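The lines below spell out each chain.
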Amino acid sequence: MIIVMESQASAAQIQHVSSKLQEKGFQVHLSQGIERTIIGAIGQRTQATQDLFETLPGVEKVVPIAQPFKLASRQFKQERTRVQVGSITIGGRDFQIIAGPCAVEGRTKYLEIAQAVKEAGATMLRGGAFKPRTSPYSFQGLEKEGLKILAEAREITGLPVITEIMDPRHLDEVASYADILQVGARNMQNYFLLRELGRLQHPILLKRGPSATIEEWIMAAEYIISSGNPNVIMCERGIRTFDSYTRNTLDISAVPVIKQLTHMPIIVDPSHGTGKWKLVEPMSLAAVGAGADGIMVEVHQNPSEALSDGPQSLTPENFARMVKKIKNLHLLLNNNGEQ
Ligand code: PEP
Ligand code: MN
């Protein structure tokens, strides 16, 4: 339930309500807004406890949350979460463009593509060091060497880097190199990993599982937030449907749904969402139109020779052309920058 305090409630009254909640076995999450304080209480609510809290001094009302997700819900937090990565904000006015190859394939190649996407307008770099491949015989990533290359690319370009974390045993190592940790689609319901990520303060990019409902996906975010890390960015990357023309079916409608149900930023990955490079530009523009906070796309200097996901990778030239269109559309839809 949510306890909405009166706008003139004193610090002592807020403290009293919080202690009473803890006494009754609730987990307490304070949200101090400009107007008033809202206290999120996670635990077993009964009519009797609701009645009790409604009578405490300083309490305006008690609102039960019907949905299974609490801390992630918009009811709990009206203001939008802005995730800060260095000087970059995800969920703010600017549309973020994360770009790079599927996997870090080697130092020279990575540094070259990192520079190219930066020049074309990317605001963050991507690249997998640990790759979740369908076949155990496919390229599995450069692992630690890949992490070091990512860190060097950040040093050179000044752009933050994002990479996938697959195993809790790698957590400290990956976190020491990356700015944002990505939970891949296949790990969205790895609850142990999600809990461990809750111990960090690094932003977490949470991809939607290939067959996860919106509710299951938000519950995965709830795991991270309730374990202590509020810096969650949602990422729609397509779901599995009956159609096999595209690799996945990109659910653009998930963007406004996530915005309505939660306070978290959401980005779209049209590369994995479609599996076809020719669909990446139209779907990126659709993401801008749907109100996403950014996109993450795969770019490779020679897609036909990529060690993974070549068919969905843009060339640097196609990427540069797409970025121009994205910027124009974003400007147009956001009132020439005035939100
Ligand atoms: C990736 O971003 O490289 C990736 C493996 O994506 P997903 O987890 O969405 O399949
Ligand atoms: Mn990929």
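This report concerns the structure included in the present document. (Residues numbered from 1 in each chain as written. Chains lettered and ligands numbered in written order. Predicted model: local features only at pLDDT ≥ 70, side-chain atom pairs only at ≥ 80, totals over all residues. Heavy atoms only, no water.)

## Focus on the overall build of the protein chain
Just so we agree on the cut-off: In this description a helix means any DSSP run of H or I spanning at least four residues, a strand means any run of E spanning at least two, and both kinds are numbered starting from the N terminus. Using C-alpha atoms as the atom set, the radius of gyration is obtained and then compared with a globule rule of 2.2 Å times the number of residues to the power 0.38. Residue burial is assigned from relative accessible area. The probe radius is 1.4 Å, only protein chains are included, and a residue is buried under 20% of its type maximum, exposed over 50%, and partly exposed in between. Here, residues are in contact when the closest pair of their heavy atoms is within 4.5 Å. All tallies of charge rest on Lys and Arg as positive and Asp and Glu as negative; His and the ends of each chain are not included. Charge positions come from single atoms, namely NZ of Lys, CZ of Arg, CG of Asp or CD of Glu.
For the protein chain, the count of helices and strands is 11 helices and 14 strands. Scaling as 2.2 N^0.38, a compact globule of 339 residues should have a C-alpha radius of gyration of about 20 Å, and the protein chain matches this with 21 Å. Its C-alpha atoms give the protein chain principal-axis dimensions of roughly 70 × 45 × 45 Å. Evaluated residue by residue, the protein chain yields a buried proportion of 53% over its 339 residues. A separation threshold of at least 6 residues defines the contact pool for the protein chain, and within that pool the share at least 24 residues apart is 68%. Separation of charge centres in the protein chain, based on 36 positive and 35 negative side chains, amounts to 2 Å.

## Here's the deal with the sheet that holds strand 11 (residues 204-207)
Quick reminder of the rule: Two strands form a pair only when DSSP identifies at least two bridges running between them. To obtain each axis, a line is fitted to C-alpha atoms, and for helices this fit is confined to the stretch in contact; angles are then taken between N-to-C directions over 0 to 180 degrees.
Taken together, eight strands build a closed barrel; the order of strands is 7-8-9-10-11-12-13-14 and the barrel is parallel. Going across the sheet, the axis of each strand differs from the next one's by a mean of 25 degrees, ignoring polarity. The sheet contact formed by strand 12 (residues 232-236) and strand 13 (residues 266-268) spans three bridges and is parallel. For M234, the partnering residue across the bridge sits in strand 13 and is I266.

## Describing the pairing of strand 14 (residues 294-298)
Burial analysis of strand 14 places five of its five residues in the buried class, the great majority of the element. Side-chain alternation along strand 14 places G294, M296 and E298 on one buried face and I295 and V297 on a second face that is also buried. Alignment of strand 7 (residues 96-100) against strand 14, held across five bridges, turns out to be parallel. Within the sheet, the bridge partner assigned to A99 lies in strand 14 and is V297.

## Overview of the coordination of the manganese ion (ligand 2)
Definition in use: Each metal's donors are the N, O and S atoms found within 2.8 Å of it, except that Na, K and Ca use a 3.2 Å limit; water is left out, so coordination can look incomplete.
Taken together, the protein ligands of the manganese ion (ligand 2) are C102 (SG), H272 (NE2), E298 (OE) and D309 (OD), with distances of 2.0 to 2.4 Å. In the primary sequence, the donor residues of the manganese ion (ligand 2) line up as C-x169-H-x25-E-x10-D. On the criterion of sequence distance, the pair formed by E298 in strand 14 and D309 in the loop between strand 14 and helix 11 (316-333) is long-range, its members being 11 residues apart. In terms of burial, E298 and D309 fall into one category: buried.

## What to know about the environment of D167
For clarity, the cut-off: Under the rule applied, a polar contact is a pair of N or O atoms within 3.5 Å (in protein, one hydrogen donor and one hydrogen acceptor; residues adjacent in sequence only if both atoms are side-chain atoms).
Among the structural elements, D167 can be located in the loop between strand 9 (161-164) and helix 5 (171-177). Expressed as a C-alpha distance, the spacing of D167 and G91, which sit 76 residues apart in the sequence, is 27 Å. Separated by 2.6 Å, the side chains of D167 and R169 make a polar contact.

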